[in-house]
Amino acid sequence: MGLGSIGVPSLILILVVALLIFGPSKLPEVGKAFGQTLKEFKKSTNDLMSDNDDKKDTDTKE
């Protein structure tokens, strides 16, 4: 059961709960913060994978 198994009704329910918790004025700020966090996480993950690939390349050349 991964992220791909979330359907449209589940997404609507999540959006309604977020709207109730944060309110309509805070929701764009929360979405922006979540997006920036996700972007930084992906960048860090890609950097780590790149560093790992570079290390493997130097290990095999020696």
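Data block above holds the structure.
Here the structure is a predicted model, which means the values were calculated and not measured.

Asker: Could you give me a rundown of the overall build of the protein, with the residues and numbers involved?
Answerer: Check the secondary structure of the protein and you find one helix and zero strands. For the protein, the residues scored as buried account for 3% of the 62 residues in total. On the protein, roughly 5,800 Å² of surface is accessible, and the fraction owed to carbon and sulfur atoms is 66%.

Asker: Can you tell me about a nonpolar patch on the surface, naming the residues and giving the values?
Answerer: A contiguous nonpolar surface patch, about 450 Å² in accessible area, is contributed by Leu13, Val17, Ile21, Phe22 and Val30. Within the secondary structure layout, Phe22 lies in helix 1 (residues 8–61).

Asker: Can you break down the environment of Ala18 residue by residue, with the values?
Answerer: By secondary structure assignment, the location of Ala18 is in helix 1. Taking the C-alpha atoms as reference, Ala18 lies 9.4 Å from Val30; in sequence the two are twelve residues apart. Ignoring sequence-local partners within four residues, the contact set of Ala18 consists of Gly23 and Leu27.

Cut-offs applied
- Residues numbered from 1 in each chain as written.
- Predicted model: local features only at pLDDT ≥ 70, side-chain atom pairs only at ≥ 80, totals over all residues.
- Heavy atoms only, no water.
- Helix = DSSP H or I, 4+ residues; strand = E, 2+ residues; numbered from the N terminus.
- Buried < 20%, exposed > 50% of the residue type's maximum accessible area, 1.4 Å probe, protein only.
- Areas by Shrake-Rupley, 256 points an atom, 1.4 Å probe, with all protein chains shown as cover.
- Patch = residues over 30% accessible without salt bridge, like charges linked within 9 Å, V, L, I, M, F, W, Y side chains within 5 Å.
- Salt bridge = Lys/Arg side-chain N within 4 Å of Asp/Glu carboxyl O.
- Contact = heavy atoms within 4.5 Å.

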